[in-house]
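Results of the structural survey
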Amino acid sequence: MEINKITDNLKRLLQTTEPDNEIEVVIELNKKTTTSFSDNMGRHEKITNLKTSFNNDLQPVVTEILKLGGNIIDSGWLNQTIKVKMPAKNIEELSRLKEINAIDIAHFIMKD
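To start, this report covers the structure provided alongside it. These numbers come from a predicted model, not from an experiment.

**Quick word on the pattern of salt bridges**
Tallying each qualifying case throughout the model produces 6 salt bridges. A salt bridge links Lys11 to Asp8; the nearest nitrogen and oxygen atoms lie 3.4 Å apart. In this pair, Lys11 and Asp8 are both assigned in helix H1 (residues 8-16), 3 residues apart and thus about one turn of the helix distant. Of the charged contacts in the structure, one is a salt bridge between Arg96 and Glu92, with a shortest N-O distance of 3.5 Å. Using a relative accessible area of 33% as the deciding quantity, one classes Glu92 as partly exposed.

**A few points about the environment of Asp74**
In this structure, Asp74 sits in strand E2 (residues 71-76). Taking C-alpha positions, Asp74 is 9.3 Å from Val26, a pair spaced 48 residues apart along the chain. Setting aside anything within four residues of it in sequence, one finds Asp74 in contact with Ile82 and Lys83.

**Let's talk about the pairing of E2**
Bridge count for E2 against strand E3 (residues 81-87) is 5 bridges, and the pairing is antiparallel. When the sheet's bridge partners are listed, Asp74 is paired in E3 with Lys83. Where E2 folds back on E3, the antiparallel hairpin that results is connected by 4 residues, among which Gln80 adopts a positive phi of roughly 60°.

**Structural notes on the side chain of Gln80**
For Gln80, the position within the fold is in the loop between E2 and E3. At 2.9 Å, the side chain of Gln80 forms a polar contact with the backbone oxygen of Trp77. Here Gln80 is in contact with Ile27, Glu28, Leu29, Lys31, Phe54 and Asp57, once residues within four sequence places are set aside.

**As for the nonpolar core**
Soluble globular proteins: nonpolar side chains tend toward being buried together. Counting 21 residues, the largest nonpolar core has Val25, Ile27, Ile82, Ile91, Leu94, Ile100 and Ile103 as the members making the most contacts within it. Mapped onto this core, the elements with two or more residues apiece are strand E1 (22-29), helix H2 (43-67), E3, helix H3 (91-94) and strand E4 (100-105). With near-sequence residues (within four places) excluded, Leu94 lies in contact with Ile27, Glu64, Ile65, Leu68, Met86, Ile100 and Ile103.

**A closer look at the sheet that holds E3**
Strand order in the open sheet made by the 4 strands is E2-E3-E1-E4, with antiparallel pairing throughout. One side of each edge strand has no neighbouring strand; the edge strands of this open sheet are E2 and E4. Ignoring strand direction, the axes of neighbouring strands in this sheet form an average angle of 25°. In the sheet, E1 pairs with E3 via 7 bridges, with the strands oriented antiparallel. Considered in E3, the bridge of Glu28 is made with Thr81. The strands touched by H1 are E1 and E4; relative to E4, the strand with the most contacts, the crossing angle is about 60°. Strands in contact with H2 are E1, E2, E3 and E4; relative to E3, the strand with the most contacts, it is inclined by about 5°.

Conventions and cut-offs
Residues numbered from 1 in each chain as written. Predicted model: local features only at pLDDT ≥ 70, side-chain atom pairs only at ≥ 80, totals over all residues. Heavy atoms only, no water. Salt bridge = Lys/Arg side-chain N within 4 Å of Asp/Glu carboxyl O. Helix = DSSP H or I, 4+ residues; strand = E, 2+ residues; numbered from the N terminus. Buried < 20%, exposed > 50% of the residue type's maximum accessible area, 1.4 Å probe, protein only. Contact = heavy atoms within 4.5 Å. Pairing = 2+ DSSP bridges. Polar contact = N/O pair within 3.5 Å; in protein donor to acceptor, adjacent residues only side chain to side chain. Core = buried A, V, L, I, M, F, W, Y, C linked by side-chain atoms within 4.5 Å. Axes fitted to C-alpha atoms, helices over the stretch in contact; angles between N-to-C directions.

Shown next as structure tokens:
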């Protein structure tokens, strides 16, 4: 198991959760595709290229998530993350994908 990809909080949750219970996690992808920009590209073109690269990198991960009984809730091209709901028993297997950098519990960011 790629234990180092799973955060400590998620490890603790997995130890206390029934294997078939679905949990929400956030997956951070390794940036696989290198995107290059020419000097004459505008902001909109650069953003479009970054989004396209993210979607290309995302495809094998989405395929595996669906195969493992998960559902995609949301994604964020800017920080290379996806929010997923899937059975707890399949998180460990998902962590083996080379495209994944980290998996954590989905949580809200609270203002101080």
